[in-house]
Amino acid sequence: MKSYGAALALMLAVPAHAADCGGFPQLEVATPPGFCAAVVADGFKFPRGIQPLPNGDIVIVDMRNWEPGRGSIWLLKPSGGKYDRLRLLGGLDRPNGITLGPDGLLYVGLVHRIIRFDPRKPEVVEDVIGGQSGVAPLPGLGRHLLTTMRFNAQGDLYVNVGSASDHCEDEKGNAPLPSQRCAEAEGPQALGVIRKYKMRWPQGMVASWENYASGLRNSMALALHPVSGALWQADNGRDAIQAAMPKLANDNELPHDELNLVRRGANYGWPYCYDDNRASPEYPSAVCLKYEAPLRLLPAHAAPLGMTFYTAARYPALYKNSLIIGFHGYRDHGHRLVALLPDNKGQPLGKMVELIGDWSHKDKQGMGAPVDIKQGPDGNVYLVEDRTGRVVRLQYTAQAPR
């Protein structure tokens with residue numbers, strides 16, 4: 001088991017004070033030498049998803065707020081050293097995740113639905129799951145109703161179905177009795193799972209679906225390993241554990257968020273267990289050894305909401321096939337971007353390097369809260385952060401990677 005530790009300074013992180021980063025305003029954040037973080041667009045209300053396109057355009061999902069039917073999708077098109085902005089769709093119900101499908105279309109996760117469209121013809125929108133698709137809608141319940149998804153190499157779709165509760169508590173905050181099972185985590189309509197939708201191509205239609213893995217509180221951060229094709233997930237741990245642990249002053253350092261290698265049919269223990277298969281205080285008799293343990297513990301309440309494997313050659317070779325994760329959380333461990341370097345087996349279990357740090361200061365720049373992260377066709381990493389509504393590009397500016 002590898003604990004999170006502190007982000008190791010393989011490269012000395014230094015504040016970036018220059019006003020320019022590749023022709024765009026530079027964030028005053030700490031980055032490793034040779035890197036800078038550019039603000040390529042701002043002014044969005046609550047951006048949650050980003051998808052760079054092969055032609056250099058960028059598509060942004062702006063949820064706007066938590067009210068139904070207020071979301072929109074925007075196209076950023078490079079033009080003369082800046083990005084022109086075009087609204088593609090509006091009136092969407094809390095859109096969140098976005099990904100490029102095997103058919104070259106954009107797939108967007110809404111509450112209860114997944115839709116797709118061609119950014120060149122945004123007036124033609126098709127339902128893939130829910131809506132008029134003929135496939136049952138996603139649950140979209142409770143605390144974790146937002147949708148994110150990823151395609152695997154075979155063209156099948158993994159979809160997060162978050163839990164409706166924090167630790168299976170009722171409306172009064174009471175967990176089930178130790179002898180009871182958590183109803184929302186059981187059965188074919190279970191929450192806190194990753195569903196796998198078997199797709200039929202070239203139609204792009206759902207042939208069937210299954211609960212691929214369970215016991216995962218909220219799988220907002222998903223990524224497919226570029227070599228093995230394995231599905232990795234960063235789980236958002238529960239809140240307020242101190243309410244059931246009287247000797248614990250607060251939950252600032254407990255429980256940890258998790259990094260999981262997702263296997264078909266495996267159960268990862270939510271809500272009965274936390275951290276390295278420890279019984280949750282509400283379920284002291286839970287037999288946690290029967291659940292899949294995380295391969296890595298992440299900082300407590302870091303809130304990983306997006307991640308991607310880095311496969312390009314623009315960054316130094318150190319980062320090849322590393323897992324780049326955004327820590328969204330507003331507590332001490334949040335508001336930063338890190339890279340989990342591959343170990344000698346190629347898994348993201350090596351040292352953790354902070355790529356963007358010192359992003360929590362609340363001056364005129366504002367605190368950063370990264371959400372979705374994608375690699376662009378230029379080999380840079382692009383991300384959206386929903387606290388100040390910015391689109392950020394992390395670029396390597398040295399002449400030649402080593």
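Residues numbered from 1 in each chain as written. Predicted model: local features only at pLDDT ≥ 70, side-chain atom pairs only at ≥ 80, totals over all residues. Heavy atoms only, no water.

S.K.: Can you help me understand the overall build of the protein chain in this one?
M.R.: In terms of helices and strands, the protein chain carries zero helices and 30 strands. Computed over its C-alpha atoms, the radius of gyration of the protein chain comes to 20 Å, within 12% of the 21 Å expected for a compact globule of 402 residues. Its C-alpha atoms give the protein chain principal-axis dimensions of roughly 65 × 50 × 40 Å. Per-residue burial for the protein chain yields a buried fraction of 57% across its 402 residues. Intrachain contacts of the protein chain at a sequence separation of at least 6 include 54% that bridge at least 24 residues. Accessible surface, the protein chain as shown: approximately 16600 Å² in total, 51% of it carbon and sulfur. Of the side-chain charges in the protein chain, 43 are positive and 40 negative, and the distance between the mean point of each set is 3 Å. (Helix = DSSP H or I, 4+ residues; strand = E, 2+ residues; numbered from the N terminus. Rg over C-alpha atoms; globule rule 2.2 N^0.38 Å. Buried < 20%, exposed > 50% of the residue type's maximum accessible area, 1.4 Å probe, protein only. Contact = heavy atoms within 4.5 Å. Areas by Shrake-Rupley, 256 points an atom, 1.4 Å probe, with all protein chains shown as cover. Lys, Arg positive; Asp, Glu negative; His and termini not counted. Charge placed at Lys NZ, Arg CZ, Asp CG, Glu CD.)

S.K.: I tried to follow the sheet that holds strand S27 (residues 352-356) on my own but got confused; where do I start?
M.R.: Strands in a sheet are paired, the pairing made by backbone hydrogen bonds, and the direction either parallel or antiparallel. Spatially, the four strands line up as an open sheet ordered S24-S25-S26-S27, and their pairing is antiparallel. Edge positions in the sheet fall to strand S24 (304-309) and S27, since each of these pairs with one other strand and no more. Averaged over all pairs of adjacent strands, the angle between strand axes in this sheet comes to 25°, irrespective of strand direction. In this structure, strand S26 (residues 336-340) lies alongside S27, joined through four bridges in antiparallel fashion. Bridge assignment links Ala-339 to a residue of S27, and that residue is Val-353. (Pairing = 2+ DSSP bridges. Axes fitted to C-alpha atoms, helices over the stretch in contact; angles between N-to-C directions.)

S.K.: Would you explain the sheet that holds strand S16 (residues 193-200) in this entry?
M.R.: Spatially, S14-S15-S16-S17 is the arrangement adopted by the four strands of the open sheet, whose pairing is antiparallel. Edge strands, defined here as strands with exactly one partner in the open sheet, are strand S14 (149-151) and strand S17 (205-214). Strand-to-strand twist of the sheet, defined as the mean angle between neighbouring strand axes without regard to direction, takes the value 20°.

S.K.: Looking at this structure, how should I read the state of the cysteines?
M.R.: By definition, a disulfide links two cysteine residues through a covalent bond between their sulfur atoms. Enumeration according to the criterion identifies three disulfides in this entry. Each sulfur in the disulfide pair Cys-21 and Cys-36 lies 1.9 Å from the other. Measuring the twist about the S-S bond at about 80°, one finds the Cys-21-Cys-36 disulfide to be right-handed. Taken together, the residues span a long stretch of sequence, with Cys-21 in strand S2 (residues 20-21) and Cys-36 in strand S5 (residues 35-41) at a distance of 15 residues. (Disulfide = S-S within 2.5 Å.)

S.K.: Explanation requested: empty space enclosed by the protein in the structure shown.
M.R.: Any space left empty among the atoms is revealed by the rolling of a water-sized probe across them. Taken as a whole and judged by the stated rule, the model has three cavities of 30 Å³ or more. Taken as a whole, the largest cavity holds about 130 Å³ of empty space. Lining the largest cavity are 17 residues; nearest its centre among them are Gly-237, Glu-258, Trp-270, Cys-273 and Tyr-274. For the lining of the largest cavity, the secondary structure elements donating two or more residues are strand S20 (256-262) and strand S21 (273-274). Considering only residue class, the lining of the largest cavity consists of six nonpolar, six polar and five charged. In this structure, the second largest cavity occupies an estimated 60 Å³ of space. Every residue lining the second largest cavity is listed: Leu-138, Pro-139, Gly-140, Leu-141, His-144, Leu-145, Leu-146, Thr-147, Asn-160, Val-161 and Gly-162. A class-by-class count of the residues in the lining of the second largest cavity yields six nonpolar, five polar and no charged. (1 Å grid on protein atoms, 1.4 Å probe; cavity = no way out; pocket = protein on both sides within 12 Å on 5 of 7 lines; lining within 4 Å. Points joined across faces, edges and corners; volume = space filled by probe spheres on them. Nonpolar A, V, L, I, M, F, W, Y, C, P; charged D, E, K, R; others polar.)

S.K.: It is not clear to me how the environment of Leu-157 should be interpreted in this structure. Could you clarify?
M.R.: By secondary structure assignment, the location of Leu-157 is in strand S15 (residues 157-161). Overall, Leu-157 belongs to the buried group, its relative accessible area being 0%. In sequence terms Leu-157 and Tyr-283 are 126 residues apart; their C-alpha atoms lie 33 Å from each other. Residues in contact with Leu-157, not counting those within four places in the same chain, are Ile-114, Ile-129, Met-149, Arg-150, Phe-151, Arg-195, Lys-196, Tyr-197 and Met-199.

S.K.: Where do I start with the side chain of Asn-236 in this structure?
M.R.: Here Asn-236 lies in the loop between strand S19 (231-235) and S20. A distance of 3.1 Å separates a polar atom in the side chain of Asn-236 from the backbone oxygen of Pro-304. Ignoring sequence-local partners within four residues, the contact set of Asn-236 consists of Arg-217, Asn-218, Asp-257, Ala-303, Pro-304 and Leu-305. (Polar contact = N/O pair within 3.5 Å; in protein donor to acceptor, adjacent residues only side chain to side chain.)

S.K.: What should I look at first to understand the pairing of strand S29 (residues 381-385) in this one?
M.R.: The side chains of a regular strand alternate between the sheet's two faces. Most of S29 is tucked away, with five of its five residues classed as buried. Alternating positions in S29 separate into two faces, Val-381, Leu-383 and Glu-385 on one and Tyr-382 and Val-384 on the other, with burial throughout. Between strand S28 (residues 370-375) and S29, which pair antiparallel and follow one another directly, the connecting turn spans five residues, one of which, Gly-379, has a positive phi of 85°. Relative to strand S30 (residues 390-396), S29 runs antiparallel, the two being bridged by five bridges. Looking at S30, one finds that Glu-385 is bridged to Arg-390. Linking S29 back to S30 in an antiparallel pair, the connection comprises four residues, with Gly-389 at a positive phi of about 75°.

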